[in-house]
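For reference, the chains in residue letters:
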Amino acid sequence: MTKTILLASDHGGFALKSALIQALRKVDCVVEDLGPEGTSSCDYPAYADKLSLRLLEAGEEGQNGMVLGILVCGTGLGMSMAANRHPGIRAAVCTNEFMARMARAHNNANVLCLGERVLGQGLALEVMRAFLAAPFEGGRHLRRIEQFETHSMA
């Protein structure tokens, strides 16, 4: 199954986003770079929204395979907060491979958030690979994920 990977960043994550794109283009992935195109100061919520809306439009199971997103900012935190405001988006900040595998396997995360100022490029590439390789386990985890949209936090 071909994976389509949507990527976006802000200025603080631009260099890491560029490195991730280069790595993804070397494997069997369709890559969509949703911006920005440079390191000029920009607002991360705009790019988190752009990626989230594109992912929701495509559906997790796109026409030719799976569609996942990767957002990069300085810490990954701002991107995850902005993306998670969209119903249907499950964005996870991951700082190691175990978190990335569990985000997919147990939480069916559809967006990986990384921090350029937190992770070195080598570790970020390994976290990304772990995220993209891990399948969702379903079962009891699906029941819990379904509660994200149905329960209020009151």
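Look above for the structure.
Residues numbered from 1 in each chain as written. Predicted model: local features only at pLDDT ≥ 70, side-chain atom pairs only at ≥ 80, totals over all residues. Heavy atoms only, no water.

Observations concerning the packing of helix H1 (residues 14-25) against helix H5 (residues 121-133)
Two elements in contact, H1 and H5, have axes separated by 10 Å at closest approach and are oriented at 55 degrees. On the basis of the axis angle, H1 is oblique to H5. Once H1 is placed against H5, the crossing between them reads as right-handed. Counting all contacts with H1, which are made through Leu16, Ala19, Leu20, Ala23 and Leu24, the residues of H5 involved are Gln121, Ala124, Leu125, Met128, Arg129 and Leu132. Residues of the contact of H1 with H5, tallied by class, amount to nine nonpolar, one polar and one charged. (Axes fitted to C-alpha atoms, helices over the stretch in contact; angles between N-to-C directions. Helix = DSSP H or I, 4+ residues; strand = E, 2+ residues; numbered from the N terminus. Parallel < 35°, antiparallel > 145°, perpendicular 65-115°, else oblique. Left-handed = near helix turned anticlockwise from the far one by under 90°. Contact = heavy atoms within 4.5 Å. Nonpolar A, V, L, I, M, F, W, Y, C, P; charged D, E, K, R; others polar.)

Some details on the nonpolar core
By size, the foremost hydrophobic cluster in this structure holds 28 residues, and its most contacted members are Leu20, Leu24, Ile70, Leu114 and Met128. Within the residue set of this core, elements represented by two or more residues are strand S1 (2-9), H1, strand S2 (29-33), strand S4 (65-73), helix H4 (97-105), strand S6 (111-115) and H5. Beyond its immediate sequence surroundings of up to four residues, Ile70 is in contact with Ile5, Leu6, Leu7, Ala8, Leu20, Leu24, Leu51, Leu112, Leu114 and Met128. Grouped together as the second largest cluster of nonpolar side chains are 18 residues, Ala8, Ala48, Cys73 and Met79 included. (Core = buried A, V, L, I, M, F, W, Y, C linked by side-chain atoms within 4.5 Å. Buried < 20%, exposed > 50% of the residue type's maximum accessible area, 1.4 Å probe, protein only.)

A few points about unusual backbone geometry
Cis peptide bonds are those with omega within 30 degrees of zero, and the linkage from Gly35 to Pro36 qualifies with 0 degrees. Here Pro36 lies in the loop between S2 and helix H2 (44-58). You will see that Asn108, though not glycine, has its phi angle at about 50 degrees, which is positive. The buried category is assigned to Asn108, whose relative accessible area is 14%.

Digging into H1
Between its terminal C-alpha atoms H1 stretches 17 Å, which fits the 16 Å expected from 12 residues at 1.5 Å a residue. Burial in H1 covers these residues: Phe14, Leu16, Lys17, Ala19, Leu20, Ile21, Ala23 and Leu24. (Expected span 1.5 Å × (residues − 1).)

Let's talk about the packing of aromatic side chains
Scanning the entire structure with this criterion turns up zero aromatic pairs. Over the ring of Phe131 we find Arg104, and its NZ or CZ is 5.8 Å from the ring centre. (Phe/Tyr/Trp six-rings, centres within 6.5 Å; stacked < 30°, edge-to-face > 60°. Lys NZ or Arg CZ within 6 Å of the ring centre and 35° of its normal.)

Side note on the pattern of salt bridges
Two side chains bearing opposite charge may form a pair once their charged atoms approach each other closely. According to the stated counting rule, one finds four salt bridges in the structure shown. For Asp33, the salt bridge identified is with Lys17, shortest N-O distance 2.8 Å. Of this pair, Asp33 sits in strand S2 while Lys17 is found in helix H1, placing the two residues 16 residues apart along the sequence. On the basis of relative accessibility, which here comes to 0%, the residue Lys17 falls in the buried class. A salt bridge links Glu32 to Arg54; the shortest N-O distance between them is 2.9 Å. Taken together, the residues span a long stretch of sequence, with Glu32 in strand S2 and Arg54 in helix H2 at a distance of 22 residues. Residue Glu32 is classed as partly exposed on the basis of its relative accessible area, which comes to 21%. (Salt bridge = Lys/Arg side-chain N within 4 Å of Asp/Glu carboxyl O.)

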